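Listed here are the chains, written in short residue letters.
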Amino acid sequence: MYGRHHIRIARPSGDLAAAERFWVDGLGMDVLHRTPAPPPDGPGEPPAAGDGGNALLMAGWPDAGWHLEFAHDPRDPVAPVPTEEDLLVIYLDGPVPADLVGRLEECGGTRVTARNPYWETWGVTVEDPDGYRLVLSTRGWPGGGARAGTDTGSGTDTGSGSGTG
């Protein structure tokens, strides 16, 4: 059960085109899969069996162990309900490029102040078009840079949850 597994992080989106612009054009992910919404079977009728009714966008990096799924059901949309603590953290193991933050903003993102001051110290927080937060962290993570719990200065990694760092 334990070990290396692929992870899909799925959530609703109010606008798949806006999500694609932010995550693919802004962050540089690839579109891994796309499913358009099925045509309606008739006015007010549910989708045919097996359709699911969702338009999907799956974005990620081909060599990553995870990808994002954005779903939108035009017949029965689920509104995204993010909080200030719904974070996707990407550990860059180095400085956050200013041009990347600028591109995310040009592609529909909004730079915001993190609720947890830890992320203000160790990263940049950008809200996506659905209101979910992406943290670009200057920290590293095991297997991809610095060890967890360490940094390039001093202190320990206490950035998860809503506690203070």
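Keep in mind the model is a prediction, meaning the values are calculated, not measured.

Caption draft 1: Structural context of the sheet that holds strand β8 (residues 133–137). Taken in spatial order, the four strands line up as β5-β8-β7-β6 in an open sheet, and their pairing is mixed. Unpaired on one side and paired on the other, β5 (87–91) and β6 (110–112) mark the two borders of the sheet. With direction set aside, neighbouring strand axes in the sheet form an average angle of 30°. Alignment of strand β7 (residues 123–127) against β8, held across five bridges, turns out to be antiparallel. Residue Val 124 lies in a different strand from β8, and its bridge partner there is Leu 136. Strands in contact with helix α2 (residues 98–106) are β6, β7 and β8; relative to β8, the strand with the most contacts, it is inclined by about 170°.

Caption draft 2: Expanded view of the nonpolar core. Counting residues in each nonpolar core, the largest one holds 22 residues, and the members touching the most others are Trp 23, Leu 27, Phe 70, Leu 104, Leu 134 and Leu 136. Of all the secondary-structure elements, those providing two or more residues to this core are α1 (16–26), β3 (55–60), β4 (66–72), β5, α2, β7 and β8. In terms of residue count, the dominant contributor to this core is α1 (five residues). Residues Tyr 118, Trp 119, Trp 122 and Val 135 belong to the second largest nonpolar core, which totals five residues.

Caption draft 3: Seen up close, the pattern of salt bridges. Enumeration over the complete set of coordinates arrives at six salt bridges. A salt bridge links Arg 8 to Glu 69; the nearest nitrogen and oxygen atoms lie 2.7 Å apart. Of this pair, Arg 8 sits in strand β1 (residues 7–12) while Glu 69 sits in strand β4; the two residues are 61 residues apart in sequence, bridging distant segments of the chain. The exposure class assigned to Arg 8 is partly exposed, which follows from its relative accessible area of 45%. One salt bridge in this structure joins Arg 34 and Glu 20, with 2.5 Å as the shortest N-O distance.

Caption draft 4: Geometry of the packing of α1 against α2. Contact geometry for α1 and α2: axes closest at 9 Å, N-to-C directions at 160°. Overall, the two elements α1 and α2 adopt an arrangement that is roughly antiparallel. The two elements α1 and α2 meet at a crossing, and its hand is right-handed. Taking contact as the criterion, the partners of Arg 21, Phe 22, Asp 25 and Gly 26 in α1 are, on α2, Leu 100, Arg 103, Leu 104 and Glu 106.

Caption draft 5: Summary view of the side chain of Asp 128. Along the chain, the position of Asp 128 falls in the loop between β7 and β8. Here Asp 128 falls in the buried class, since its relative accessible area comes to 3%. Polar contacts involving the side chain of Asp 128 include one to the side chain of Arg 11, which spans 2.4 Å. Leaving out residues up to four positions away in the same chain, Asp 128 has contacts with Arg 11, Phe 22 and Trp 23.

Parameters at a glance
Residues numbered from 1 in each chain as written. Predicted model: local features only at pLDDT ≥ 70, side-chain atom pairs only at ≥ 80, totals over all residues. Heavy atoms only, no water. Pairing = 2+ DSSP bridges. Helix = DSSP H or I, 4+ residues; strand = E, 2+ residues; numbered from the N terminus. Axes fitted to C-alpha atoms, helices over the stretch in contact; angles between N-to-C directions. Contact = heavy atoms within 4.5 Å. Core = buried A, V, L, I, M, F, W, Y, C linked by side-chain atoms within 4.5 Å. Buried < 20%, exposed > 50% of the residue type's maximum accessible area, 1.4 Å probe, protein only. Salt bridge = Lys/Arg side-chain N within 4 Å of Asp/Glu carboxyl O. Parallel < 35°, antiparallel > 145°, perpendicular 65-115°, else oblique. Left-handed = near helix turned anticlockwise from the far one by under 90°. Polar contact = N/O pair within 3.5 Å; in protein donor to acceptor, adjacent residues only side chain to side chain.

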